[in-house]
Amino acid sequence: MRPSDRTLSTADVDNVFEVLADWRRRAVCHYFTSADQTAADVGALASAISELGGTSTVDAADTSPSTIQTQLEEEHLPVLHRIGLIDYDERSGAVKYWGSPTVEKWADHAAAVTQQTDF
């Protein structure tokens with residue numbers, strides 16, 4: 001296969017791996033795909049991800065809902081928004097998930113490898 005035959009650009013691949021680089025960003029993707037919904041508020045996301053973090057062997061950091069919410073608001077949701085995977089309104093806390101089959105496929109693979117199957 002020649003590089004020109006690939007469906008993803010280098011920037012796209014970089015974005016996919018940036019999303020997958022943190023378990024919280026993967027958890028956001030899993031939240032939406034497993035719940036079969038496309039919108040939520042940051043508080044609901046934080047609560048769901050906090051529950052996942054309690055069983056995670058990936059990161060032993062504080063996984064309280066308030067800590068997760070702060071991490072989502074300050075770091076992870078802005079990254080996902082910049083890449084175009086979500087729309088995030090900082091004032092209302094509303095998150096709209098657009099999805100990406102490529103990201104979802106690799107997030108599922110990462111979950112299987114790390115045995116994170118709670119979502």
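Each remark here, short or long, concerns the structure printed above.
Conventions adopted
- Residues numbered from 1 in each chain as written.
- Predicted model: local features only at pLDDT ≥ 70, side-chain atom pairs only at ≥ 80, totals over all residues.
- Heavy atoms only, no water.
- Patch = residues over 30% accessible without salt bridge, like charges linked within 9 Å, V, L, I, M, F, W, Y side chains within 5 Å.
- Areas by Shrake-Rupley, 256 points an atom, 1.4 Å probe, with all protein chains shown as cover.
- Salt bridge = Lys/Arg side-chain N within 4 Å of Asp/Glu carboxyl O.
- Lys, Arg positive; Asp, Glu negative; His and termini not counted.
- Charge placed at Lys NZ, Arg CZ, Asp CG, Glu CD.
- Helix = DSSP H or I, 4+ residues; strand = E, 2+ residues; numbered from the N terminus.
- Pairing = 2+ DSSP bridges.
- Axes fitted to C-alpha atoms, helices over the stretch in contact; angles between N-to-C directions.
- Contact = heavy atoms within 4.5 Å.
- Expected span 1.5 Å × (residues − 1).
- Buried < 20%, exposed > 50% of the residue type's maximum accessible area, 1.4 Å probe, protein only.
- Arc of directions from axis to C-beta.
- Polar contact = N/O pair within 3.5 Å; in protein donor to acceptor, adjacent residues only side chain to side chain.

(A) A look at a negative patch on the surface. On the surface, a cluster of negative charge is contributed by Glu 73, Glu 74, Glu 75, Asp 89 and Glu 90. Inspection of the secondary structure assignment puts Glu 74 in helix H4 (residues 65–83).

(B) Seen up close, the sheet that holds strand S2 (residues 86–89). Strand order in the open sheet formed by 3 strands is S1-S3-S2, with antiparallel pairing between adjacent strands. A single partner strand is all that each edge strand has here, and the edge strands are strand S1 (39–41) and S2. Neighbour to neighbour, the strand axes of the sheet diverge by 15 degrees on average, direction disregarded. Here 4 bridges tie S2 to strand S3 (residues 94–97), and the two strands are oriented antiparallel to one another. Counted as the bridge partner of Asp 87 is Lys 96 from S3. Relative to S3, helix H2 (residues 23–35) is tilted by about 70 degrees, and along the sheet it contacts S1 and S3.

(C) Just helix H5 (residues 101–114), in detail. Here H5 spans 20 Å end to end across 14 residues, near enough to the 20 Å set by a 1.5 Å rise per residue. Here H5 has its buried residues at Val 103, Ala 107, Ala 110 and Ala 111. Viewed along the axis of H5, the buried residues span an arc of 100 degrees, placing them on a single side of the element. Pointing more than 90 degrees away from the buried face of H5 are the exposed residues Pro 101, Lys 105, Ala 112 and Val 113.

(D) Geometry of H2. Here H2 is 13 residues long and its end C-alpha atoms lie 18 Å apart, about the 18 Å a rise of 1.5 Å per residue gives. Taken residue by residue, H2 has Trp 23, Arg 24, Arg 25, Arg 26, Ala 27, Val 28, Cys 29, His 30, Tyr 31 and Phe 32 as its buried positions. The distance from a side-chain oxygen at the start of H2 to the backbone nitrogen of Arg 24 is 2.7 Å, and the residue carrying that oxygen is Asp 22. Backbone geometry just downstream of H2 places Asp 36 in the positive-phi region, at approximately 50 degrees.

(E) Fine view of unusual backbone geometry. One non-glycine residue, Asp 36, adopts positive backbone phi at about 50 degrees. Tracing the sequence through the fold places Asp 36 in the loop between H2 and S1. With relative accessibility at 72%, the residue Asp 36 sits in the exposed group.

(F) Region of interest: the environment of Gly 84. Structurally, Gly 84 can be placed in the loop between H4 and S2. Taking the C-alpha atoms as reference points, Gly 84 and Tyr 97, 13 residues apart in sequence, are found 9.1 Å from one another.

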